[in-house]
Amino acid sequence: MLQFLIVCPMMFLAGFVDSIAGGGGLISLPAYIIAGVPAHFALGTNKLASAMGTSISTGRYLKNGYLKGKRMIRTACCACVISLIGSHIGSSLSLLVSESMLKNLMIVILPVVAFYVLRNKNLGAVSGREPLSESATFLIAMLAAFVIGGYDGFYGPGTGTFLILILTGAARMEVRQASALTKVINLSSNVSALVTFLMNGTVYYTLGLAAGLFCIAGHYIGSGLVVHNGQRIIRPVILAVLAVLFVKILT
């Protein structure tokens, strides 16, 4: 019962944050560890709850038409497949590799990401930049789906944040379209990693399903805020997630 009391409220907050800017795993994974769940089971159980919650925010974005048009639909479908492959590779490696390698890597990456966000005050907003060609946008989205999908399967925290940064920055997508595509990619990587963890028996079903219900509530509320406020909400939450994630890695 203590595990449920610790994990479930934190999963609500994780879902809320994740639906807006990604990084929900930063909140949920420590909650599992604090509750006494072994590391590999924490990863697997977290994927079960996260997949449930992400499906809700993904549905809300799609319902509000942020992936309209043949080009966006084609990009989203292809990104799903690529993300599934990347996440399967990442989650398989996570069962074999320690977290120290990832921690050392992110100590280098996070300051660069933080600088980018602080430098670009209008993250994802319409600017004077010319949009990229359809082929260039497509290729960037596919590369992001594979690399970040692999990271999500391997560990996870910050996945949504990194995807939004790449899609709004390198691919020059509008912030709401980028958020919707991010959720589609993230849901695919969650499902792929979940299947891998299920096959290896590293999921606590009861805890994961209960936490998933709280995660659904957080995603529903958070995605609703993005739909109505967009840019004003996403940037400060991204900055907060990056700051906390960096502090956590250093400590």
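Residues numbered from 1 in each chain as written. Predicted model: local features only at pLDDT ≥ 70, side-chain atom pairs only at ≥ 80, totals over all residues. Heavy atoms only, no water.

## Some details on the overall build of the protein
Tallying secondary structure elements over the protein gives 10 helices and 0 strands in all. Its helices and strands taken in sequence order, the protein reads α-α-α-α-α-α-α-α-α-α from the N to the C terminus. Here the protein, with 251 residues, has 52% of them falling under the buried criterion. A fraction of 86% describes how many contacts in the protein between residues 6 or more apart in sequence connect residues 24 or more apart. (Helix = DSSP H or I, 4+ residues; strand = E, 2+ residues; numbered from the N terminus. Buried < 20%, exposed > 50% of the residue type's maximum accessible area, 1.4 Å probe, protein only. Contact = heavy atoms within 4.5 Å.)

## Quick notes on the nonpolar core
Within the largest apolar cluster, 43 residues are counted, with the highest numbers of intra-cluster contacts made by Val 7, Met 11, Tyr 32, Leu 67, Leu 167, Met 173 and Leu 181. Within the residue set of this core, elements represented by two or more residues are α1 (2-21), α2 (25-34), α3 (39-63), α4 (70-94), α6 (134-154), α7 (159-169), α8 (175-199) and α9 (205-229). At 8 residues, α8 tops the list of elements feeding residues into this core. If near-sequence neighbours (up to four positions away) are discounted, Leu 181 is found in contact with Leu 67, Thr 75, Ala 76, Ala 79, Ala 141, Leu 167 and Met 173. (Core = buried A, V, L, I, M, F, W, Y, C linked by side-chain atoms within 4.5 Å.)

## A short note on the packing of aromatic side chains
For the structure shown, the criterion picks out 2 aromatic pairs. For the ring pair Phe 41 and Tyr 204, a centre distance of 4.6 Å and an interplane angle of 25° mean the geometry is stacked. One end of the pair, Phe 41, is in helix α3; the other, Tyr 204, is in the loop between α8 and α9, with 163 residues separating them in the sequence. Considering the side-chain rings of Tyr 151 and Phe 162, the 6.0 Å spacing of their centres and the 55° angle between planes classify their relative orientation as tilted. Remark: Phe 162 occurs in helix α7 and Tyr 151 occurs in helix α6; sequence separation between them is 11 residues. Taken as a pair, Tyr 151 and Phe 162 share a single burial class, namely buried. (Phe/Tyr/Trp six-rings, centres within 6.5 Å; stacked < 30°, edge-to-face > 60°.)

## With respect to the environment of Leu 67
Among the structural elements, Leu 67 can be located in the loop between α3 and α4. Taking C-alpha positions, Leu 67 is 9.9 Å from Val 184, a pair spaced 117 residues apart along the chain. Those residues in contact with Leu 67, other than ones at most four positions away along the chain, are Leu 62, Met 72, Ile 73, Ala 76, Gln 177, Ala 180, Leu 181 and Val 184.

## Thoughts on the side chain of Thr 137
With respect to the helices, strands and loops of the structure, Thr 137 is situated in helix α6. Beyond its immediate stretch of four places on either side in the chain, Thr 137 contacts Arg 71, Leu 132, Ala 171 and Met 173.

## Focus: the pattern of salt bridges
For the structure on display, the rule yields 1 salt bridge. Across the salt bridge formed by Lys 47 and Asp 152, the nearest N and O atoms sit 2.7 Å from each other. Pair noted here: Lys 47 is in helix α3 and Asp 152 is in helix α6, with a separation of 105 residues, a long-range link. Residue Lys 47 shares its accessibility class with Asp 152, and that shared class is buried. (Salt bridge = Lys/Arg side-chain N within 4 Å of Asp/Glu carboxyl O.)

## Regarding a nonpolar patch on the surface
Together, Val 81, Leu 84, Ile 85, Ile 89, Leu 93, Leu 96, Leu 143, Phe 146, Val 147, Val 191, Val 195 and Met 199 make up an exposed nonpolar region whose accessible area comes to about 1,100 Å². Going through the elements one at a time, α4, α6 and α8 are the ones with two or more residues in the nonpolar patch. Looking at the nonpolar patch, the element that brings in the most residues is α4, giving 5 residues. Note that Met 199 resides in helix α8. By relative accessible area, Met 199 is classed as exposed at 68%. (Patch = residues over 30% accessible without salt bridge, like charges linked within 9 Å, V, L, I, M, F, W, Y side chains within 5 Å. Areas by Shrake-Rupley, 256 points an atom, 1.4 Å probe, with all protein chains shown as cover.)

## Side note on the side chain of Thr 54
Take Thr 54: it is sitting in helix α3. According to the relative accessible area criterion, Thr 54 is buried, its value standing at 0%. Only 3.2 Å separates the side chain of Thr 54 from the side chain of Asn 190, close enough to count as a polar contact. If sequence neighbours within four positions are ignored, Thr 54 has contacts with Asp 18, Lys 183, Asn 186, Leu 187, Asn 190 and His 219. (Polar contact = N/O pair within 3.5 Å; in protein donor to acceptor, adjacent residues only side chain to side chain.)

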